[in-house]
Amino acid sequence: DRYQKVFALAASAGLQASVDLLRRQCAAGGEFTDDLFHVHLASSWEEQSRQQHHRGMPFLGFWLNLIPSSLNWKPPEHPGGPQKGLEILALGQQNMVLQPGESMTWFLPVHNIYVSSVTFAEEIDPVSCEVYVSTNGTDWLLLWSTLQRTWSCRCRERVRYFKLLVKEHTYNNKLQVHGVVHAG
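Residues numbered from 1 in each chain as written. Predicted model: local features only at pLDDT ≥ 70, side-chain atom pairs only at ≥ 80, totals over all residues. Heavy atoms only, no water.

1. Comments concerning helix α3 (residues 36-51)
- Between its terminal C-alpha atoms α3 stretches 21 Å, which fits the 22 Å expected from 16 residues at 1.5 Å a residue.
- The sharpest bend along α3 comes to roughly 25°, located at alanine 42.
- Within α3, burial applies to Leu36, Phe37, His40, Leu41, Ala42, Ser44, Trp45 and Ser49.
- Those residues of α3 that are buried are in contact with β1 (31-33), α4 (82-90), β4 (103-107), β5 (111-120), β9 (161-168) and β11 (175-183). (Helix = DSSP H or I, 4+ residues; strand = E, 2+ residues; numbered from the N terminus. Expected span 1.5 Å × (residues − 1). Bend = angle between axes of the 7 residues up to and from the residue. Buried < 20%, exposed > 50% of the residue type's maximum accessible area, 1.4 Å probe, protein only. Contact = heavy atoms within 4.5 Å.)

Written out as structure tokens, the structure reads:
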């Protein structure tokens with residue numbers, strides 16, 4: 001069981017009941033995913049499109065919004081145009097490139113998630129970056145930092161926003177968010 005070590009540590013600290021309650025609250029009515037963008041949202045979008053016989057249904061704007069920090073940021077070139085290039089990034093099908101000082105914000109209009117961890121598709125070194133989460137897009141909580149190599153478990157609420165801020169070196173990777181996804 002993936003939580004066996006956590007439960008053992010909680011039991012040794014006398015917190016097993018609290019940890020078990022938190023785990024049940026997180027899972028209630030949700031679905032665990034190892035990759036929110038590439039696996040969960042992409043497959044949900046494809047399934048809904050298939051059920052509604054409407055392949056033109058947009059992924060961006062309904063399932064996910066990407067908000068770059070700079071007006072100069074450009075999505076990768078794509079024969080289908082910039083919208084298609086942006087969609088491929090949002091679906092996690094291609095690495096995102098961000099320069100130092102730039103950030104990208106992901107907004108989930110329909111879903112929210114209890115985050116259990118974040119990873120990257122490829123080795124992150126030597127890039128220095130930070131990952132933040134928010135329930136409302138205004139108040140941000142540092143979730144992970146390459147400088148500190150620490151993981152914050154202070155996020156006790158489901159979140160709708162993620163922000164990746166690049167501090168040093170060019171970021172050329174895919175953010176992968178793990179956790180329990182909920183609709184609504």
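The rest of the description comes next.
2. What to know about unusual backbone geometry
- The peptide bond linking aspartate 125 to proline 126 adopts the cis configuration, its omega dihedral lying at 5°.
- Checked against the element boundaries, proline 126 lands in the loop between β5 and β6 (128-134).
- The phi dihedral of histidine 169 falls on the positive side, at around 70°, and the residue is not glycine.
- On the secondary structure map, histidine 169 appears in the loop between β9 and β10 (171-173).
- On the basis of relative accessible area, histidine 169 is assigned to the partly exposed category, the value being 43%.

3. Here's the deal with the pattern of salt bridges
- Counted according to the given criterion, the structure contains 2 salt bridges.
- Notably, a salt bridge pairs lysine 84 with glutamate 87, separated by 2.9 Å at the nearest N-O pair. Taken together, the residues lysine 84 and glutamate 87, both in helix α4 and 3 residues apart, mark about one turn of the helix.
- Accessibility expressed as a relative area gives 35% for lysine 84, which makes it partly exposed.
- Salt-bridge contacts for glutamate 130 lead to lysine 167; the nearest nitrogen and oxygen are separated by 4.0 Å. Of this pair, glutamate 130 sits in strand β6 while lysine 167 sits in strand β9, placing them 37 residues apart in sequence. (Salt bridge = Lys/Arg side-chain N within 4 Å of Asp/Glu carboxyl O.)

4. Comments concerning the environment of tryptophan 144
- Relative to the helices and strands, tryptophan 144 resides in strand β7 (residues 141-145).
- Note on tryptophan 144: relative accessible area 13%, which makes it buried.
- Along the primary structure tryptophan 144 and leucine 164 are separated by 20 residues, whereas in three dimensions their C-alpha atoms are 9.6 Å apart.

5. Re the nonpolar core
- In this structure, Trp106, Phe162 and Tyr171 are the most contacted members of the largest nonpolar core, which totals 39 residues.
- The element that contributes the greatest number of residues to this core is α3, accounting for 5 residues. (Core = buried A, V, L, I, M, F, W, Y, C linked by side-chain atoms within 4.5 Å.)

6. Here we look at the confidence of the model for the protein chain
- Chain-level statistics for the protein chain give a pLDDT mean of 85 and a share of 84% at 70 or above.
- For the protein chain, strand β8 (residues 150-151) is the element with the lowest average pLDDT, namely 60, and β4 is the one with the highest, namely 97. (pLDDT = per-residue confidence, 0-100.)

7. With respect to α4
- Those residues of α4 lying buried are Gly85, Leu86, Glu87, Ile88, Leu89 and Ala90.
- In this structure, the buried side of α4 is in contact with α3, β2 (65-68) and β3 (96-98).
- Just beyond α4, the residue with positive phi is glycine 92, at close to 70°.

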